[in-house]
Every structure is written in C-alpha cells, then in structure tokens.
Amino acid sequence: MTAAPTLPVYMQRNGFEPVPEMAEVRDGAGIERVRNSFGMETWLVTRFADVREVLSDPERFSNARLPARFRRPEGVRQPSADELARMRAGNLLAADPPDHTRLRRMLTPEFTVRRMRRLEPRIREIVDEHLDGMERSGPPADLVAEFALPVPSLVICELLGVPYTDRAAFQQRSTRQLDLRLSMEERIRLGEQSRAYMADLVARAQADPGEDMLGMLVREHGHDLTTDELIGIASLLLIAGHETTANMLGLGTLALLRHPDQLAIVRDEPERVDAAIEELLRWLTIVHTGTAKVATVDTEIAGQPIAAGELVMCALPAANRDPELRTDPERLDVTRGGVGHVAFGHGIHHCLGAPLARMEMRIGFPALLRRFPGLAEVPGTATFRSFSVIYGLTSLQVTW
C-alpha cells in the first residue's frame, strides 16, 4: 500500500486562513516550486493577476495534456492509453479546446441564470424542508449533516435525474475520492465504483430519457456524445454539484457565526445578500488550486521561466487575498462583495454551475439565519476537512 501524502503547503489552512507561507510567496517572488499531493514538482502561482493570466490562456497552459513523467505510484496498476482516454472523456476539467468548447456549448444552456430561476421555487422548498426537520428534531444539530450537505445534494440529484435514495452512497464515495489521506489504490477503486454507478445511470437515460439533464443530453445531443463522454459529464456534475456548495454552506455559516456583525447583515438586509455571497466566496475560497496545468511551450510567469512540459498550479486562496484585488483582503466584509475573484476559476474553465451555487447560497444562508435567529456554534465541535481537494467542514454542531 502507498503511504498517505504529506499535505502540500497550498492546501494548509489555519481555520479560515491560508498559512502565512502562502502570503510570503505571493508578496515575494509570486511563484514557487513545490511538490503537489502526488509528490510531483510543480510551479505554484499565487498573485491574482498571474493566476488570471494562467487560467485565461489554455494555449500555453493545458488541462488536457498529462506531463510526460506522470505515472501512478509504484505497485499501482498503470492504465492503458485507451483506459486513460475513457476515464478522461467528458470531464471538462481535463479538456482543452476544441473538445472543451464542444462539450461546454451543450451544457451551458442548462446553467444560465434564467434557467436557474426556474429552479428557485423548488430550491426554496428543499431548504425549508430541511430547516423544518432541524426544528422538529431540536438542538443541538449537526449543520453539515442536516442542512449544508443534503440541500445541494437533493438539488443536483433532481437536476441530473439521480435517485435520491442513492444519495448516501455517492456522497460517501465522492467525499472519500477527494480525501488525500487515502491511498492511491483506494481512491482508484472508489473512482471505478463511481464510474460504474454513473454508467448504469447513463444506460437507463439512454433507454428511457427523462426530463432531467441526463435525459436532455441523450435526447438533444445523443448523436454528438459518446457513452464515455456522458458518463464523464454526469460524474463531474454530480461531484462538483454537491461537494462545493455543501462546503460553502457549512464553512460560510461558521464564518458568519464568528463574525456576528456580518451575520446580521446577511440575515436582515436582503439587498446585500448577493454581495455577501461574493465576499464569502472570495474570503473562504474552498477550492485550493483547481486542476493542474501543463505548460505547452517555454514561457514565463511572474518573471520566472517555465519550460514546456512543466506543471503549473494556481493557489486560489492566496490570489483571492491579494491586496491588488481588495483593500484589507484578510478582513471579511460582506458589504463590499464584488465579482472578479477566482473562487469559481476564470477563463474557459470558469465554474459552469456558478449560477446554481450562487442561487443555493442566496436562498440558503438567509433562510437558515432567519429561521434560527439565535443560531450559535457549540464550542469545540467545528471539524475542518484538511486533507480534501475541497476545503470545508466534516461537522459543526449548532444550537439555537
């Protein structure tokens, strides 16, 4: 068995804060050579302007090209070229134009702000149902298990056509797939299980396409998409659609509880909620780096020469706390809001589901805080998920 990796510096946090070393790199050279969670050397880009430059240039920095020296650890079976192609098919985060353009064009209409507004009444129902459940059970409650995780899970299940009865199993698999403490063998096994599950869902949609997103893709684009691409798209949307928003709801609530003046604004001033969400996204930045990229040519970032074939990663939390982006960036101030942060990425890989995530937070945070105006954390119960690709909480006991 391979040993669990050391937590890379770009994934290390002190509660809500990136570790001081990240600010030192950003305020110094702006770029540093580090080892990633697979033990591979990579350039880590930390300044806001440089991160945007990398993310906006898929010709120089590719998501699709694997570095020539990429191999699984010794003792772990290496996939064949065909197996690797099948595993990466349909995954927008592992694609460059023109494949990425073709796939994204099919999905974008389903994630427009206008289309998301059609979901708003149902999202409000789901939020209220879970708040009702918390109220019936009474305090204390685990906010993660009873609210932050199930709300986005049910939304994405309904959107994709995933049976909600399967929720517990796929949540457990996806959470463990993102857990870097597990061995590579275990995460590969979980990935294979997830793929088999999605393959079964896709087969059912192909046999009898419903009104959900999978059914739409089969009906409208079935002749343009291979089965492997459908499986890849569904897998990405299912994991991204609940893991990210769930961790924002949990971690964001804890941040507000520890900043009562900011909480009061979100609870009592509806006109400021949109700005508050943007500030929480920036300040928390739960996705550490996004997908690693490969330099396609000899190039330069932050004055540092980068050779073709070298890995490049973007430290999103450090970029979002760059003084060039916001004045006093270490302070949480929900009144300033402002888009332009890179919590959802930037460029062609900017998060497809951002309108849905924003809507779930815009509905979820105020509803929770108004239902339980005396909401408070039970001291000592907040457990952070440090070794995960997506930062957040594993549990948070609250009372009211």
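A short tour of the structure in this document, coming up. This is a predicted model, so every value here is computed, not measured.

### Focus: the overall build of the protein chain
The helix and strand tally for the protein chain stands at 15 helices and 14 strands. Here the C-alpha atoms of the protein chain give a radius of gyration of 21 Å, agreeing with the 21 Å that 2.2 N^0.38 yields for 400 residues. Referenced to the eigenvectors of the C-alpha coordinate spread, the extents of the protein chain come out at roughly 55 × 55 × 45 Å. Here the protein chain, with 400 residues, has 53% of them falling under the buried criterion.

### Thoughts on the sheet that holds strand β5 (residues 61–62)
Read from one edge of the open sheet, five strands run β3-β4-β10-β7-β5, paired in mixed fashion. Only two strands of the sheet have a single partner each, and these edge strands are β3 (31–35) and β5. Sheet analysis places strand β4 (residues 41–45) next to strand β10 (residues 311–314), joined by three bridges and oriented parallel. Pairing of V45 across the sheet is with C314, part of β10.

### Quick look at the environment of R321
Topologically, R321 is positioned in the loop between α14 (316–320) and α15 (354–371). Here the alpha-carbon distance between R321 and E17, two residues 304 residues apart in the chain, equals 9.7 Å. Excluding anything up to four places from it in sequence, R321 contacts F16, E17, P18, R26, R282, W283, P329 and E330. At 2.8 Å, the side chain of R321 and the backbone oxygen of W283 are in polar contact.

### Examining the nonpolar core
Of all hydrophobic cores here, the largest spans 84 residues; its most connected members are M134 and L284. The element that contributes the greatest number of residues to this core is helix α11 (residues 227–257), accounting for 13 residues. Among the nonpolar cores identified, the runner-up in size contains 17 residues, and V51, V54, V312 and L316 belong to it.

### Some words on the sheet that holds strand β11 (residues 376–377)
Reading across the sheet, the three strands line up as β6-β14-β11 and stay open at both edges, with antiparallel pairing between neighbours. If you trace the sheet from one side to the other, it starts and ends with β6 (141–142) and β11, each paired once. Inspection of the sheet shows β11 paired to strand β14 (residues 397–399) by two bridges, in the antiparallel sense. Opposite A376, over in β14, you have T399 as the bridge partner.

### Here we look at the environment of V54
Mapping V54 onto the fold places it in helix α2 (residues 48–55). For V54, a relative accessible area of 1% gives the class buried. Excluding residues within four positions of it along the chain, V54 makes contact with V45, F61, K293, I301, V312 and C314.

### Quick notes on the packing of aromatic side chains
Under the criterion given, the structure shown has four aromatic pairs. Aromatic side chains F16 and W283 sit 5.3 Å apart centroid to centroid with 40° between the ring planes, which places their arrangement in the tilted category. Taken together, the positions of F16 in the loop between β1 (13–14) and β2 (17–18) and W283 in helix α13 (residues 273–284) put the pair 267 residues apart, joining distant regions of the chain. What makes F16 buried here is its relative accessible area of 8%. Each residue in the set F16, W283, F384 and Y391 is aromatic and connected to the rest through ring pairs, giving one cluster.

### Points about the pairing of β4
The element β4 is extensively covered by neighbouring structure, given that four of its five residues are classed as buried. One ladder, built from five bridges, connects β3 with β4; its direction is antiparallel. Considered in β4, the bridge of E32 is made with L44. Linkage of β3 to β4, two consecutive antiparallel strands, is achieved through a turn of five residues, within which G39 is found at a positive phi near 80°.

### Here's the deal with the packing of helix α5 (residues 113–137) against helix α7 (residues 150–160)
Packing of α5 against α7 brings their axes to within 10 Å, and their N-to-C directions diverge by 140°. Seen along the crossing, α5 lies across α7 with a hand that is right-handed. Contacts from L119, R122, I123, I126, V127 and H130 of α5 reach α7 at P150, V151, L154, V155, E158 and L159.

### Observations concerning the side chain of Q262
Structurally, Q262 is set in helix α12 (residues 260–268). Looking at Q262, its side chain comes within polar contact range of the main-chain nitrogen of V334, at 2.6 Å.

### Re the pairing of β10
Burial of β10 is two-sided: the residues L311 and M313 facing one way and the residues V312 and C314 facing the other way are all buried. Bridge count for strand β7 (residues 293–295) against β10 is two bridges, and the pairing is antiparallel. Following the sheet pairing, K293 is matched in β10 by V312.

### Observations regarding the state of the cysteines
Disulfide: a covalent bond connecting the sulfur atoms of a pair of cysteines. Under the criterion given, the structure shown has zero disulfides. C157 takes part in no disulfide bond, and the closest cysteine sulfur to it belongs to C351, at a distance of 17 Å. Residue classification places C157 among the buried positions, given a relative accessible area of 1%. No disulfide involves C314; its sulfur sits 16 Å from the nearest other cysteine sulfur, which is in C351. Residue C314 is classed as buried on the basis of its relative accessible area, which comes to 2%.

### Looking at the pattern of salt bridges
Side-chain pairing between opposite charges can occur once the charged atoms of the two side chains come close. Under the defined criterion, the tally for this structure stands at 30 salt bridges. Close ionic contact of R33 with E41 constitutes a salt bridge, the shortest N to O distance being 3.3 Å. Residue R33 is classed as partly exposed on the basis of its relative accessible area, which comes to 31%. Taking the shortest distance from any N to any O, the salt bridge between R331 and D333 comes out at 3.3 Å.

Rules used throughout
Residues numbered from 1 in each chain as written. Predicted model: local features only at pLDDT ≥ 70, side-chain atom pairs only at ≥ 80, totals over all residues. Heavy atoms only, no water. Helix = DSSP H or I, 4+ residues; strand = E, 2+ residues; numbered from the N terminus. Rg over C-alpha atoms; globule rule 2.2 N^0.38 Å. Buried < 20%, exposed > 50% of the residue type's maximum accessible area, 1.4 Å probe, protein only. Pairing = 2+ DSSP bridges. Contact = heavy atoms within 4.5 Å. Polar contact = N/O pair within 3.5 Å; in protein donor to acceptor, adjacent residues only side chain to side chain. Core = buried A, V, L, I, M, F, W, Y, C linked by side-chain atoms within 4.5 Å. Phe/Tyr/Trp six-rings, centres within 6.5 Å; stacked < 30°, edge-to-face > 60°. Axes fitted to C-alpha atoms, helices over the stretch in contact; angles between N-to-C directions. Left-handed = near helix turned anticlockwise from the far one by under 90°. Disulfide = S-S within 2.5 Å. Salt bridge = Lys/Arg side-chain N within 4 Å of Asp/Glu carboxyl O.

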